[in-house]
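These are the residues of each chain, in order.
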Amino acid sequence: MKRSALAENVSALVFLSPFIVIFGVFLAWPLFYSFYLSLNKVTALVNVFDNLTFVGFQNFIALFKDGLFGWSLLMTLYYAALIVPLGIGTSLLLAVLLNNKLRLSRLFRTAFFLPYVLDLFVVGIVWTFIYSPHFGVLTRIFETVGITYFSEQGFLGRPATAMPAVVIVNVLKGAGFGMILYLAALQNIPDSVYEAAEVDGASWWQKLTRITIPLLRPVTLFMVIVGVVAALNAFVEVFAMTTGGPSVNVGERAYGATWVTGYYLFDTFYVRLKLGYAAAMSYILLAIAVTVSLINLRLLRPKTDY
Amino acid sequence: MTGSEKTKRPVQPGRWARTAVLYVVLSAAAIVVLFPFAWMIMTALKQPGTEFDPEFFPKQPTLENLKRVFTEFGFVRYFLNSSIVAVSSALFATLFASLAAYAFAFKNFILKEKVFAVIIASMMVPGLMYVVPQFAIINRLGWMNTYRAMIVPHLANVFGLFLLRQYMTTIPKSLIDAARIDGANDFQVYGRIVVPLALPVVATLFLLTFQFHWSNFLWQLIVTNKESLYTVPVGLSMFKQQHEQLYALKMAASAVSIVPISVIFVFAQRYFIEGVTKGAIKE
Amino acid sequence: MRYLVLAVCVTALLACTCAKEAVKEGVVITVWETYNSEERAVFLELVDRFHEVNSGITIEAVNIPFDGLEPKILTSLATQTAPDVARVDVGFLPKIAVRGALHPLDEYGVESIKDEIRPVALSSCVLDGKTYGMPDQVNGLCLFFNVDLFKAAGLDPETPPETWEEFVEYAKTITDRDKGVFGFGMRNSLWWSLPFIYSFGGDILTPDMSRCALADEGAVAGFQFKVDLYAKHGVEGGAWRSGGIRDDMGFQNGKYAMIFNGPWAVKGLQQAGIDFGVALIPSGPAGHATNVGGNNLVVFSTSEHPREATKFLMFIASRESQAKWANELGQIPVNVLADELIDFDSHPYLGVFMEQMKYAKPRPQIGGYPEIENDVNPEMQAALDGKKPVLAAMKSACEKVGVVLADEEALKASFKE
């Protein structure tokens with residue numbers, strides 16, 4: 001028994017080693033290093049590694065007092081709360097629709113996947129035109145049916161609509177990615193399961209909610225976690241469309257309605273050059289991501305192995 | 001309701017209507033989703049300087065932009081570089097991730113859960129944090145201005161490991177046990193059962209990693225100081241200058257840049273989406 | 001599978017072939033630049049000329065995409081792999097200079113050329129009395145106007161508005177909301193607001209740079225005027241909004257009749273076939289004014305050949321080089337001695353740009369300037385949007401600026417230790 005346990009460990013190591021070696025050098029060490037950075041103040045730019053001033057948890061304390069950081073976290077949660085369910089819902093919907101035996105399904109799959117390979121920056125620019133005040137296509141469409149709510153400020157210029165507008169662009173761009181994952185997973189569900197349900201007289205909706213969705217749980221779990229991580233890192237979409245705006249008054253201060261933490265992080269790192277502060281910010285993001293993931297694991301863990 | 005009707009009488013009209021509705025919905029969605037794509041192509045065909053004319057279709061369509069992309073801007077070389085980087089990265093990253101995922105899905109070893117948790121957690125730290133330390137390592141290894149520098153740091157694809165493990169756990173355990181009883185070792189189980197069964201996802205991962213490297217701008221720029229080693233995303237960013245954006249050229253180059261991945265997708269989709277698995281299970 | 005193996009082999013082979021480097025004799029100076037293709041062609045000709053007269057020095061120029069330059073410089077500085085020289089935005093120079101990343105050039109003889117350099121350009125290289133670079137390009141905003149829209153509104157394109165009062169009148173005459181035509185299009189950011197602030201006698205900081213001056217009388221009046229253009233006079237098309245049609249795009253499409261823009265925009269507008277004119281930005285209570293932008297060439301403190309690098313910088317800033325640069329590219333020479341060599345006939349707008357530079361005022365030369373921009377912009381946007389009175393927005397902006405100034409003091413102190 002002992003020998004086989006050892007053999008099991010050794011053979012596992014063989015499978016793991018290529019990944020673990022690269023992980024150790026190029027991910028684990030930088031991870032460790034950036035945590036160390038979060039406990040330091042970085043002043044010099046040249047030879048950063050030897051020019052650190054240890055400050056303990058001062059960066060973290062400063063972050064808790066930083067109103068803009070708190071605001072950015074709120075905006076990030078708002079962003080995640082919109083994009084994760086919408087993104088997953090759209091992907092699932094497309095996958096289920098295209099899993100039908102349609103003659104043109106291959107064509108549609110390609111159509112929905114193509115935007116995913118486009119540069120987010122390019123997509124952002126195009127949508128900026130569509131959303132723009134006075135001249136934008138969407139603004140005009142609303143005007144023709146008598147809605148002038150968007151005429152003066154467009155969609156991205158209004159605090160209430162800016163974030164949803166950014167989310168919609170990203171959902172439409174990214175749905176093809178989730179669709180593929182779901183389509184691939186749908187292949188693993190044997191037809192026999194559906195056939196048995198049909199014999200029992202299950203409707204289309206019942207099959208979807210009682211068979212398909214529960215069996216897709218591992219993928220959904222993956223999509224939720226990856227989606228949350230992406231939301232915590234969101235930067236390009238904001239950079240391309242709103243640069244953090246439009247302004248909202250919070251007490252005395254004006255903050256940006258799309259000023260998400262990913263954007264603030266970039267600002268802190270490259271504009272303000274506060275590398276230690278940025279590292280501390282990243283670790284708070286990590287803590288949040290881990291918490292959210294653990295909750296998801298609890299909620300989405302498959303009840304029975306199948 | 002439709003389900004029960006269907007079972008009562010196999011009426012064609014109902015199915016027809018449903019199919020028609022489905023087509024309408026899907027087509028409408030496709031048009032919305034593809035609009036930026038169409039805009040990109042149209043802009044690529046416009047005369048420089050007229051990119052923002054209100055007309056959607058170019059007044060005098062031209063292929064001049066496309067020609068300039070390859071003659072004046074060295075995109076031939078960029079494509080070669082990107083192909084090398086993206087293909088080898090995708091290949092090895094997928095291989096390594098699938099091996100590790102196999103271990104996490106089917107093997108028992110010490111600290112398994114803890115190691116997995118740490119690996120997944122690394123994905124949750126913003127990518128910005130990795131750039132400087134990774135660059136320091138590349139520099140220490142003397143890998144500046146090489147393809148290795150662009151490829152190797154990204155071969156431990158945590159996202160891919162997570163994805164593959166999630167799928168492998170949906171493979172029925174009974175299949176693995178049966179093979180074991182027949183005397184198959186780990187490599188045989190991995191190569192003959194798990195990978196074929198997970199092929200749709202393995203292929204998907206290959207595609208996604210390829211895409212990631214095909215568009216990874218910042219890292220590929222940081223590790224090269226030579227224009228001969230620039231890749232497609234670096235080349236694309238050349239069209240954005242301090243004060244002006246060469247939109248027509250950028251869109252022409254962007255349109256060409258997505259051709260490889262689109263072709264891979266169109267031709268490979270049957271392998272990774274349509275029932276390869278069902279055949280494999282019968283084996 | 002066979003193809004797969006083949007692909008791997010080809011990959012491995014190619015990966016090996018690119019490692020060899022040619023060894024060059026003498027001193028090699030690496031330069032990271034962000035020129036566009038026309039500028040690069042001229043730059044390389046200048047490099048050739050430099051090689052002819054300086055046989056021991058070889059310049060190796062690498063063209064870096066503008067968007068990636070600053071991250072690339074920061075990463076390379078951290079690991080001491082930065083080049084000798086780079087061309088950086090004027091706002092980036094103080095930011096890295098206060099953090100000890102640049103070589104002061106005073107000891108390498110830049111004194112001899114200082115008198116020839118356009119003062120606004122030179123001041124963007126000087127920080128706390130030390131010279132950290134040589135100007136490479138200098139420019140400021142001017143007023144661009146659409147000739148066709150002027151004519152359609154019955155205005156004479158030969159007499160563009162000279163004062164802000166005239167400007168408002170012109171803009172009101174042109175604005176036609178039903179047609180979607182506006183007299184003016186503007187941006188929100190602080191730098192783009194400087195012509196307003198300066199021409200009303202305001203500034204970002206007090207002259208001794210100890211305190212934020214945005215909530216003082218001049219700046220508030222200037223910014224109030226900017227806000228009024230949108231909110232009170234209704235002559236601005238909302239270009240400043242997140243997601244609005246940007247000023248330059250709206251100008252090109254005939255949506256905005258007047259915008260601020262710089263010399264760099266001329267070529268694109270000519271290509272697009274727009275009939276446009278360029279004039280001085282209208283004057284306010286404090287006269288004419290504009291801001292300063294551009295690029296400087298700097299030598300990094302990690303460079304092993306600062307003397308040779310400085311020689312190259314001075315060569316680029318010399319009278320002859322700048323005359324060539326100005327004549328071939330239509331840009332403002334950074335060397336005033338080159339002015340007399342310019343062929344103004346082939347660059348009709350250059351005269352106006354140079355005239356405008358006489359009224360240019362550089363932004364405060366502090367490392368935290370980019371931070372100030374990012375902190376102040378949301379407040380200005382709130383004021384433009386009518387969510388806050390201008391004075392309240394400026395006061396709250398000044399609080400944020402105060403934090404940046406305090407950080408800057410602390411940073412400088414840490415380097416003196």
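Residues numbered from 1 in each chain as written. Chains lettered and ligands numbered in written order. Predicted model: local features only at pLDDT ≥ 70, side-chain atom pairs only at ≥ 80, totals over all residues. Heavy atoms only, no water.

Q: I'd like a rundown of the overall build of chain B, residues and numbers included.
A: Along the backbone of chain B there are 15 helices and zero strands. Taken over 283 residues, chain B has a buried fraction of 57%. (Helix = DSSP H or I, 4+ residues; strand = E, 2+ residues; numbered from the N terminus. Buried < 20%, exposed > 50% of the residue type's maximum accessible area, 1.4 Å probe, protein only.)

Q: Explain the nonpolar core residue by residue, including any values.
A: Core analysis: the largest hydrophobic core is formed by 355 residues, its most contacted members being Phe 75 of chain B together with Phe 144, Leu 214 and Met 258 of chain C. No other element matches the 18 residues that helix α4 (residues 75–106) of chain B contributes to this core. (Core = buried A, V, L, I, M, F, W, Y, C linked by side-chain atoms within 4.5 Å.)

Q: Mind laying out the domain arrangement of chain B, listing which residues take part and the relevant values?
A: Residue and element names in this part refer to chain B. Domain boundaries assigned for chain B yield domain 1 (2–44) and domain 2 (67–282). Here the C-alpha centroids of domain 1 and domain 2 sit 32 Å apart. Listed per partner, the contact involves six residues of domain 1 and seven residues of domain 2. Broken down residue by residue, the surface that domain 1 buries against domain 2 is led by Met 40, Thr 43 and Ala 44, which jointly contribute 72%. The interface formed by domain 1 and domain 2 contains zero salt bridges. Split into classes, the residues belonging to the side of domain 1 that touches domain 2 amount to five nonpolar, one polar and no charged. (Domains from an automatic or database assignment. Contact = heavy atoms within 4.5 Å. Buried area = accessible area lost by both parts, 1.4 Å probe. Salt bridge = Lys/Arg side-chain N within 4 Å of Asp/Glu carboxyl O. Nonpolar A, V, L, I, M, F, W, Y, C, P; charged D, E, K, R; others polar.)

Q: Which residues make up the pairing of strand β11 (residues 293–299) of chain C, and what values do they have?
A: All names here are of chain C. Counting buried positions along β11 yields seven of seven residues, so the element is predominantly enclosed. Burial of the side chains of β11 extends over both faces: Gly 293, Asn 295, Leu 297 and Val 299 are buried on one face and Gly 294, Asn 296 and Val 298 on the other. As paired strands, strand β3 (residues 85–89) and β11 are joined by five bridges and run antiparallel to one another. Bridge pairing in β11 places Val 85 opposite Val 299. Sheet topology places strand β6 (residues 133–139) next to β11; six bridges connect them, and they run antiparallel. Its bridge partner being in β11, Val 138 is matched across the sheet by Gly 294. (Pairing = 2+ DSSP bridges.)

Q: Can you explain the interface of chain C and chain A? Please cite residues and give values.
A: Taken together, the contact between chain C and chain A spans 44 residues of the former and 33 residues of the latter. For the chain C and chain A pair, buried surface summed over both sides reaches about 3400 Å², with 56% attributable to carbon and sulfur atoms. By the criterion of area lost to chain A, the three top residues of chain C are Arg 99, Ser 242 and Gly 243 of chain C, representing 15% of everything that side buries. One can count four salt bridges joining chain C with chain A. In this structure, Arg 272 of chain A engages Asp 375 of chain C in a salt bridge whose closest nitrogen and oxygen atoms are separated by 2.8 Å. In this structure, the connection of chain C to chain A is made through 14 residue pairs in polar contact (both at pLDDT 80 or more). Residue assignment for the side of chain C that touches chain A shows that the elements contributing at least two residues are α3 (66–78), α4 (92–97), α16 (369–384) and α17 (390–416) of chain C. Examining the composition of the side of chain C that touches chain A, we find that eight residues originate from one element, α16 of chain C, more than from any other. (Polar contact = N/O pair within 3.5 Å; in protein donor to acceptor, adjacent residues only side chain to side chain.)

Q: Give a detailed account of the sheet that holds strand β8 (residues 182–185) of chain C, specifying residues and quantitative values.
A: All names here are of chain C. Spatially, the four strands line up as an open sheet ordered β8-β9-β7-β10, and their pairing is mixed. With partners counted over all chains shown, the strands left at the sheet margins are β8 and β10 (276–279), one partner each. On average, each strand axis in the sheet is tilted by 20° relative to the strand beside it, whichever way the strands run. Judged from the three bridges that link them, β8 and strand β9 (residues 256–261) form a sheet pairing that is parallel. Each residue of the ladder has a partner; that of Phe 182, found in β9, is Tyr 256. (Axes fitted to C-alpha atoms, helices over the stretch in contact; angles between N-to-C directions.)

Q: A description of the sheet that holds β3 of chain C should follow, citing residues and the corresponding values.
A: Residue and element names in this part refer to chain C. An order of β2-β1-β3-β11-β6 is seen for the five strands of this open sheet, with the pairing classed as mixed. The sheet is open, and its two borders are formed by β2 (57–63) and β6, each paired with just one other strand. The mean angle between the axes of side-by-side strands here comes to 20°, regardless of whether they run parallel or antiparallel. Bridge count between strand β1 (residues 27–33) and β3: two bridges; the pairing is parallel. From the neighbouring strand, Val 31 faces β3, where its bridge partner is Val 85. Together, β1 and β3 form the strand contacts of α3, whose direction differs from that of β3 by roughly 135°.

Q: Before we move on, can you summarise the packing of helix α6 (residues 128–140) of chain B against α3 of chain C with the specific residues and values?
A: When two helices pack together, their arrangement is given by the angle between their axes and by how far apart the axes lie. Where α6 of chain B meets α3 of chain C, the axes come as close as 9 Å, and the angle between the chain directions of the two elements is 50°. On the basis of the axis angle, α6 of chain B is oblique to α3 of chain C. Handedness of the α6 of chain B/α3 of chain C crossing: right-handed. Between α6 of chain B and α3 of chain C, the contacting residues are Val 131, Val 132 and Phe 135 of chain B on the first element and Thr 75, Ser 76 and Ala 78 of chain C on the second. (Parallel < 35°, antiparallel > 145°, perpendicular 65-115°, else oblique. Left-handed = near helix turned anticlockwise from the far one by under 90°.)

Q: I'd like to hear about the interface of chain B and chain A, residue by residue, with values.
A: Frequently, the measure chosen for interface size is the accessible area that the parts lose on association. Of the residues lining the interface, 94 residues belong to chain B; the matching set on chain A comes to 83 residues. Summing the contributions of chain B and of chain A, the shared interface buries around 8100 Å²; its carbon and sulfur component is 78%. Inspection of the region where chain B meets chain A yields one salt bridge. One salt bridge in this structure joins Lys 107 of chain B and Glu 8 of chain A, with 3.2 Å as the shortest N-O distance. Where chain B packs against chain A, one counts nine residue pairs in polar contact (both at pLDDT 80 or more). At 15 residues, the largest contribution of residues to the side of chain B that touches chain A is made by helix α2 (residues 12–44) of chain B. Grouping the amino acids of the side of chain B that touches chain A by side-chain chemistry returns 70 nonpolar, 18 polar and six charged.

Q: How would you explain the pattern of salt bridges if you had to name every residue and give the values?
A: Should their charged atoms come close, side chains of opposite charge can pair. This structure, assessed with the given rule, holds 34 salt bridges over all chains. Two residues, Arg 253 of chain A and Glu 399 of chain C, come together in a salt bridge whose shortest N-O distance is 3.1 Å. Placement of the pair is Arg 253 of chain A in strand β4 (residues 253–256) and Glu 399 of chain C in helix α17, with the two residues belonging to separate chains. In this structure Arg 253 of chain A comes out as partly exposed when scored by relative accessible area, which is 25%. Relative accessible area serves as the criterion here: at 44%, Glu 399 of chain C is assigned to the partly exposed category. For the salt bridge of Asp 67 of chain C with Lys 240 of chain B, the shortest nitrogen-to-oxygen distance reads 3.2 Å. Linking Asp 67 of chain C in helix α3 with Lys 240 of chain B in the loop between α12 (232–237) and α13 (247–257), this pair reaches from one chain into another.

Q: So, the domain arrangement of chain C: which residues are in play, and what are the values?
A: Residue and element names in this part refer to chain C. As far as domains go, chain C holds domain 1 (26–139 + 294–357) and domain 2 (142–291 + 368–416). Averaged C-alpha coordinates put domain 1 and domain 2 at centres separated by 28 Å. Each side of the interface is counted separately: domain 1 has 14 residues, and domain 2 has 23 residues. Where domain 1 abuts domain 2, roughly 1600 Å² becomes buried across the two surfaces, and 68% of that area is made up of carbon and sulfur atoms. The largest contributions to the domain 1 side of the interface with domain 2 come from Tyr 349, Phe 353 and Gln 356, which together make up 42% of the buried area. The interface formed by domain 1 and domain 2 contains two salt bridges. Glu 38 serves as the salt-bridge partner of Lys 267, at 3.1 Å between the closest nitrogen and oxygen.

Q: Pulling in residues and values, what's your account of the state of the cysteines?
A: Residue and element names in this part refer to chain C. Taken as a whole and assessed by the stated rule, the structure comprises one disulfide over all chains. With its sulfur 2.0 Å from that of its partner, Cys 212 forms a disulfide with Cys 398. Where Cys 212 bonds to Cys 398 through sulfur, the torsion about that S-S bond is close to -65°, and the disulfide is left-handed. Here Cys 212, found in the loop between α9 (190–199) and α10 (217–231), pairs with Cys 398, found in helix α17; they are 186 residues apart in sequence, far enough to count as distant. Residue Cys 212 is classed as buried on the basis of its relative accessible area of 7%. (Disulfide = S-S within 2.5 Å.)

Q: Mind laying out unusual backbone geometry, listing which residues take part and the relevant values?
A: Of note in the backbone geometry, Thr 243 of chain A takes a positive phi value of approximately 45° without being a glycine. Along the chain, the position of Thr 243 of chain A falls in the loop between α11 (236–241) and β3 (247–250). One non-glycine residue with positive phi stands out, namely Leu 111 of chain B, at about 60°. Inspection of the secondary structure assignment puts Leu 111 of chain B in the loop between α4 and α5 (112–123).

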